[in-house]
Amino acid sequence: MYRFFLKRLIGFCGALAAIILLSPLFIFVTLWLHFANKGAGAFFFQTRIGKGEKPFKVMKFKSMTDEKDENGELLPDADRLTKAGKFVRSTSIDEHGVIPPK
């Protein structure tokens, strides 16, 4: 019974509690990144290859701007990293946004 019902219920309740408790932080960081990235959005999306060569999508907080130089090349990473991005990276909250495969 534990393996099939209680384990899932405990996991679900723990995840729900974490989302509720952390949602104010995530909302604040999302707004902060939106303005720090000059309206270019707060999220970064990428398709990666997972187990069994199955592609899956990753959604992470966007820690750098898309600023380019006069030649249209992206500026160096150090120049594009925002204060909000430094916070996101130092707390590692940009590392946990995986969208699992369907």
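Above this text is the structure in question.
Scoring rules and cut-offs
- Residues numbered from 1 in each chain as written.
- Predicted model: local features only at pLDDT ≥ 70, side-chain atom pairs only at ≥ 80, totals over all residues.
- Heavy atoms only, no water.
- Salt bridge = Lys/Arg side-chain N within 4 Å of Asp/Glu carboxyl O.
- Helix = DSSP H or I, 4+ residues; strand = E, 2+ residues; numbered from the N terminus.
- Buried < 20%, exposed > 50% of the residue type's maximum accessible area, 1.4 Å probe, protein only.
- Polar contact = N/O pair within 3.5 Å; in protein donor to acceptor, adjacent residues only side chain to side chain.
- Contact = heavy atoms within 4.5 Å.
- Arc of directions from axis to C-beta.
- Phe/Tyr/Trp six-rings, centres within 6.5 Å; stacked < 30°, edge-to-face > 60°.

*Asks:* Hey, could you run me through the pattern of salt bridges in this one?
*Replies:* When charged atoms on two side chains of opposite charge get close, those side chains can pair. One pass over the structure, following the stated rule, counts three salt bridges. The salt bridge involving Glu67 is made with Lys38; its shortest N-O contact spans 2.8 Å. Highlighted residues: Glu67 in the loop between strand 2 (55-61) and helix 2 (77-80) and Lys38 in the loop between helix 1 (2-36) and strand 1 (43-49), separated in sequence by 29 residues. What makes Glu67 partly exposed here is its relative accessible area of 29%.

*Asks:* What is the right way to look at the side chain of Thr65 in this model?
*Replies:* Relative to the helices and strands, Thr65 resides in the loop between strand 2 and helix 2. Look at Thr65 and you get buried, because its relative accessible area is 4%. Looking at Thr65, its side chain comes within polar contact range of the side chain of Glu67, at 3.1 Å. Excluding residues within four positions of it along the chain, Thr65 makes contact with Ala36, Asn37, Arg80 and Thr82.

*Asks:* Hey, could you run me through helix 3 (residues 83-91) in this one?
*Replies:* For the α-helix, the turn length of 3.6 residues means that residues three or four positions removed from each other point alike. Turning to helix 3, its buried residues are Ala84, Gly85 and Val88. Taken down its axis, helix 3 places every buried residue within 100 degrees of arc, on the same side. Seen from the open side of helix 3, the exposed residues pointing more than 90 degrees away from its buried face are Lys83 and Ser90. Trailing helix 3 by a residue or two, Ser92 shows a phi angle of about 65 degrees, which is positive.

*Asks:* What exactly am I supposed to notice about the packing of aromatic side chains here?
*Replies:* Here a ring pair, both rings aromatic, is described through the centre-centre distance and the interplanar angle of the planes. Inspection of every chain in the model, using the stated rule, returns four aromatic pairs. When the ring of Trp32 is compared with that of Phe87, the centres are 5.7 Å apart and the planes differ by 45 degrees; the resulting orientation is tilted. With Trp32 in helix 1 and Phe87 in helix 3, this pair connects stretches of sequence that are 55 residues apart. Residue class for Trp32 comes out partly exposed when judged on its relative accessible area of 31%. On the basis of an interplanar angle of 20 degrees and a centroid distance of 5.5 Å, the ring pair of Phe43 and Phe61 is categorised as stacked. Placement of Phe43 in strand 1 and of Phe61 in strand 2 is noted, with a sequence separation of 18 residues between them.

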